[in-house]
Amino acid sequence: MRLQKKSAFLIQKESPVVLLLLVAGSLFPFVSDNFFYIEILKTAAIYAIFAMSWDILTGYTHEVNFGFAFFIGGTGYLSGILNSFFSVSPYLAIPIAVLAAGIFGIFIGYLTLRLKGPYFAMVTMVFASILFTLSFIFTEITGGEEGISGLDTFTDDPVKDFFLIWAVMAASYFVLRLYARSKHGIILKAIRADEDATKSAGINTAYYKIEAFALSGTLGGLGGGIFAHSQMHIGPTMLSGEISIIVVLLAMIGGMGTIVGPLLGAVGLSILNEYLRFVEEYRLVIYTGFLTLLIYLAPDGLINLKFIKDSKRLSFIFLGERKSK
Amino acid sequence: MNLLDIENLTKKFGGLEALLRFSLSVREGEIVGIIGPNGAGKTTLFNCITGFLPFDSGYAFFDGNDIQDKKPYQIVNLGLARTWQLVKAFFGMRVMEAMMVPSFSKRALSIHSSEKARQEKIEKLLREMGLEKNIWSEVDNLNQGELRLLDISRALVTCPKVLLLDEPFSGLSHKEIENISRVIQNLNNEGLTIVIIEHRLKELMKLVQKVVVINFGKKIAEGIPEEIVQEPPVIEAYLGKRRTKVGLA
Amino acid sequence: MDILIFGAVRGALYSLIAVGYVLIYSVGGILNLAHGTYYMLGAYLTYIFYELLFGTGGKFILILSSMLSVLTVGVIACIVYYVLLRPKIESLTYVLVITLALALFVSEVMSLFFGVAGTSVPSFVEGSISIAGIKVISQHLLLFPVALVILTSLWYLLKRTKMGQGIDAVAQQRDGAVLMGINIDTVNLIISGLSACLAALAGTLIAPVSSVVPHMWVFPLIKAFAIAILGGIGSLGGSIIASFILGYAEVFTSFLISDQLTEMVSLVIIVLVLLFKPYGIMGYKLG
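Residues numbered from 1 in each chain as written. Chains lettered and ligands numbered in written order. Predicted model: local features only at pLDDT ≥ 70, side-chain atom pairs only at ≥ 80, totals over all residues.

K.L.:
Looking at this model, I keep getting lost on the overall build of chain B. Mind explaining?
P.N.:
If you tally the helices and strands in chain B, you get 10 helices and 10 strands. The C-alpha radius of gyration computed for chain B amounts to 18 Å, which stays within 12% of the reference 18 Å derived for 249 residues, consistent with globular compactness. Considering only C-alpha atoms, chain B reaches an extent of 55 × 40 × 35 Å along its principal axes. The proportion of buried residues among the 249 residues of chain B is 43%. Considering only residue pairs separated by 6 or more positions, chain B has 65% of its internal contacts joining residues 24 or more positions apart. (Helix = DSSP H or I, 4+ residues; strand = E, 2+ residues; numbered from the N terminus. Rg over C-alpha atoms; globule rule 2.2 N^0.38 Å. Buried ≥ 20, exposed ≤ 12 C-beta atoms within 10 Å, placed from the backbone. Contact = placed C-beta atoms within 7 Å.)

K.L.:
What's the story with the overall build of chain A in this structure? I'm lost.
P.N.:
From N to C terminus, chain A includes 15 helices and 2 strands. Here the C-alpha radius of gyration of chain A, 19 Å, is about what a compact globule of 325 residues would show, namely 20 Å. Viewed in the frame of its principal axes, chain A has a C-alpha envelope of about 60 × 50 × 40 Å.

K.L.:
How do you make sense of the interface of chain C and chain A when you look at a structure like this?
P.N.:
Bring the parts together and some accessible area is lost; that lost area is often taken as the interface size. Contacts between the two partners involve 30 residues from chain C, matched on the other side by 34 residues from chain A. If you tally residues by element for the side of chain C that touches chain A, the top one is helix α4 (residues 92-114) of chain C, at 14 residues. In terms of residue class, the side of chain C that touches chain A is made up of 24 nonpolar, 3 polar and 3 charged. (Nonpolar A, V, L, I, M, F, W, Y, C, P; charged D, E, K, R; others polar.)

K.L.:
Quick question: what am I supposed to make of the arrangement of the chains here?
P.N.:
With 2 pairs of chains in contact, the largest contact count belongs to chains A and C. Structurally, chain B and chain C remain out of contact, their C-alpha atoms never closer than 13 Å.

K.L.:
Got a minute to help me understand the nonpolar core in this structure?
P.N.:
If you look at soluble globular proteins, the nonpolar side chains tend to sit buried side by side. Counting 270 residues, the largest nonpolar core has A:Ala48, A:Ala51, A:Leu263 and C:Ala101 as the members making the most contacts within it. Not counting residues up to four positions away in its chain, the partners in contact with A:Ala51 are A:Val247, A:Leu250, A:Ala251, A:Gly254, A:Pro262, A:Leu263, A:Gly265 and A:Ala266. (Core = buried A, V, L, I, M, F, W, Y, C linked by C-beta atoms within 7 Å.)

K.L.:
Any chance you could explain the sheet that holds strand β9 (residues 210-215) of chain B here in plain terms?
P.N.:
Across a sheet, strands are paired by hydrogen bonds formed along the backbone, either parallel or antiparallel in direction. Residues and elements named next belong to chain B. Strands sit in the order β6-β7-β8-β3-β9-β10 across an open sheet of 6 strands; the sheet is mixed. Of all strands in the sheet, those bounded by a partner on one side alone are β6 (80-82) and β10 (218-223). Between one strand axis and the next, the sheet turns through 20° on average, direction left out of account. In the sheet, β6 pairs with strand β7 (residues 162-166) via 3 bridges, with the strands oriented parallel. Within β7, the residue paired with arginine 82 across the bridge is leucine 164. (Pairing = 2+ DSSP bridges. Axes fitted to C-alpha atoms, helices over the stretch in contact; angles between N-to-C directions.)

K.L.:
Explain the environment of B:Asp5 to me, please; I cannot follow it from the model alone.
P.N.:
All names here are of chain B. Within the secondary structure, aspartate 5 sits in strand β1 (residues 2-13). Given 18 C-beta atoms within a 10 Å radius, aspartate 5 is considered partly exposed. Along the backbone, aspartate 5 and asparagine 65 are 60 residues apart, and their C-alpha atoms lie at a distance of 9.7 Å. Discounting chain neighbours no more than four positions away, the residues touching aspartate 5 are Ser25 and Phe61.

K.L.:
Even after reading the chapter, I still don't get the packing of helix α1 (residues 2-28) of chain C against helix α9 (residues 218-231) of chain C, so can you show me in this structure?
P.N.:
Helices that pack against each other are described as a pair by the angle of their axes relative to one another and the distance between those axes. All names here are of chain C. Packing of α1 against α9 brings their axes to within 9 Å, and their N-to-C directions diverge by 65°. Overall, the two elements α1 and α9 adopt an arrangement that is roughly perpendicular. Both α1 and α9 take part in a crossing whose hand is right-handed. Here Tyr14, Ile17, Ala18, Tyr21, Val22 and Tyr25 of α1 come into contact with α9, specifically with Pro220, Lys223, Ala224, Ile227 and Ala228. (Parallel < 35°, antiparallel > 145°, perpendicular 65-115°, else oblique. Left-handed = near helix turned anticlockwise from the far one by under 90°.)

K.L.:
Please explain the interface of chain B and chain A as it appears in this structure.
P.N.:
Facing 29 residues of chain B, the contacting portion of chain A comprises 22 residues. For the side of chain B that touches chain A, the element with the highest residue contribution is helix α3 (residues 95-103) of chain B, accounting for 5 residues. Tallied by class, residues from the side of chain B that touches chain A come to 17 nonpolar, 5 polar and 7 charged.

K.L.:
What's the story with the sheet that holds strand β5 (residues 65-66) of chain B in this structure? I'm lost.
P.N.:
All names here are of chain B. What the 4 strands build is an open sheet, ordered β2-β1-β4-β5; its pairing is antiparallel. Strands at the two margins of the open sheet, each flanked by one partner only, are β2 (16-27) and β5. Pairing between strand β4 (residues 57-62) and β5: 2 bridges, direction antiparallel. Looking at β5, one finds that phenylalanine 62 is bridged to asparagine 65. With respect to the sheet, helix α1 (residues 42-49) is in contact with β1, β2 and β4, its orientation differing from that of β2 by roughly 70°.

K.L.:
Help me understand unusual backbone geometry, please; the structure alone is not making it clear to me.
P.N.:
All names here are of chain B. Of note, asparagine 8 is a non-glycine position whose phi angle comes to about 50°, a positive value. Even without being a glycine, arginine 21 presents a positive backbone phi close to 45°. Relative to the helices and strands, arginine 21 is located in strand β2. A tally of 14 C-beta atoms within 10 Å means that arginine 21 is categorised as partly exposed.

K.L.:
What is the right way to read helix α2 (residues 35-61) of chain A from this model?
P.N.:
Residues three or four positions apart in an α-helix share a direction because the helix packs 3.6 residues into each turn. All names here are of chain A. The terminal C-alpha atoms of α2, which comprises 27 residues, lie 39 Å apart, in line with the 39 Å expected from a rise of 1.5 Å per residue. Most of α2 sits inside the fold, with 22 of its 27 residues counted as buried. Once α2 ends, the next one or two residues include histidine 62, with phi positive near 65°. (Expected span 1.5 Å × (residues − 1).)

K.L.:
Before we go on, may I ask you to explain the pairing of strand β8 (residues 193-197) of chain B in this structure?
P.N.:
Looking down a regular strand, the side chains alternate between one sheet face and the other. Residue and element names in this part refer to chain B. Burial analysis of β8 places 5 of its 5 residues in the buried class, the great majority of the element. Here β8 shows a buried face lined by Thr193, Val195 and Ile197 and a second buried face lined by Ile194 and Ile196. As judged from the 4 bridges shared by strand β3 (residues 31-35) and β8, these two strands associate in the parallel manner. Counterpart to valine 32 in the pairing with β8 is valine 195. As paired elements, β7 and β8 share 5 bridges and run parallel to each other. Bridge pairing in β8 links valine 162 to threonine 193.

Here it is, written out as structure tokens:
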């Protein structure tokens, strides 16, 4: 019995629901030219990138990152500044900012991942708060409360932008799934189960945790950069505690440690959020209240609910990967 | 040659001396037992020489390498592997996955350079341990005996030169102990150097060539099993000051 | 000289907020991220009771509103503990996430009703007095006697009464306490309520002279955490001292360096302590 082929994943091992979603989304602009809906899908896709990349660290190691805004807003602002002050095209600004995110990820991961659980969680929040506070101090660069406006989009056509963003989301999904199935993912799961046992298996656990943290931050930063340019604006909300918490909730409600859960959760809940605009005044209250309720009712996430886990068929539909025997 | 050289190792927890100038040498191919009452310092010793606890003074050399300030994973990659007294397993994963983890260690990767070779080694080990039917089971579903065997298998995947076993018999039935003893004996016959901490004296004495006795962090006796059980300090340590002959039966 | 007074005022305020936070972490092992929210609710509820329920009615009504607000927050905290936290209290991740989610939700609710601009409440004691030539707002000075009385009572409660000793036992050795027949749940419940009341008290006292806005829960939470790790988890005396250290550090920064950097002080403290002194300042290993 071989565990898996050495080459890249096979399509039939992937979650059917996700594949369906990815295809359906990419076909959407052909069946509808409602720009409003396309914008909603764009936002949903970006939040999916946030949730999935958050998951590869926290879902797989149980080190809880409460300061994801650091990467989201940090990269967004860096790319925005490059674009706005130095006229660097988003196609270059974003990669540069993402690279910076990666480097910071390695640096911060190295400093913080040795802290015990709750302290790690708090210190991630603190790093994000530091950036948030800094954005109000250096207002000439960051625009303070108002942020930076007038950023360039990717193409001149919102639909083309949509395809780009949807493609990036799909690519992120496959990259993260591949990573999770690889030696790296298996080691992270082992660390999650018992770090000492993993160390006694000859594994440098610190390295793999830092790597996951950096990957998480890099992809999250990619999402942040894309978000900034798709909205043509970056503001302090992308560095706030609010967005950090929302990403956590989206991923957890979806179901940590699966990549699929956060994707579906983020897409579903983001669409709900937009749908609630018909009661705009109450939207945020309903949305945050609903998220709180969901995490209370399903602390392990919707995809990890017992009735799905216990059913072989449902398990396969959502998560794919039917292991032999 | 001495694979393991521990000299005057001292470890204190505040005022408590967990280990006091403890020394031990283990030759290649030996199978050594470490015994002593609860709290004597046996597991602390293992923790110190595997990098999980820093020690205050003394020396520890493994295969010629100074292992004092090394991290646990580095020591494993030098060839010193250990098992755990309280079950530590990769719960939430399948047995096969759990066994792949040690196969990703630097040492295992360099010895078995192809994925195929690693895969075969894992399957071979699981077969030798009698766990081949469990390859795809969830680790959570294994019983205590199987978990111990899995722990030993996990250690063996890293191709160690010396294996430290921490109370491998604890919580097992007689039959399971017999099974594991046989496995340990075979491993030693094939050339693996083994150090075992145990409380089940009868079963241990059948297995080892040399016994070291610890009490209150100090080595109080060292020798062959038949002699050790008759040494007064040893009897005293286990039974208190009484004049009783503790036989091998 | 003014630094002396302003720093002390801050210290007193922070000690009310932080002590509850440290208490519930040492005793219940609960890192309550909604703690800042209790502080915020203390402020908002005072306004709600005073303006909305009673209409204006003089100092007596004001104090009544204030006390009601503190009590209500205490009750809310107990409910939160009982309903939301108790079912899955072993999972630290869950506790962190749900208290944070709750904080966000409440913040949005306040935003909805009162807008981002905030509200205001009249002071208990009007105006300001001059101490050694410095103008000090009287409301601020109120913090001292209140903090003193409250914290001393708390100390008395913990050290001398039976209930307090039970709480202490849980903090020191949870399993032992269980064996002694102490009901952990009840202890956690009481502590949750008590700790929230302290935070709400701070909120209600500061409300007249500070901006009451929907996001005023964030920084008190961060500062409480900074004080906790500075003063040592489990040490109430240490927390009080740390509160004053933070208070003074902020005032120093504000006067001597830049007003904008005041909020950075607590953040920097947290980073420095956790990264470079994992043993904390009072000797508790945090890493």
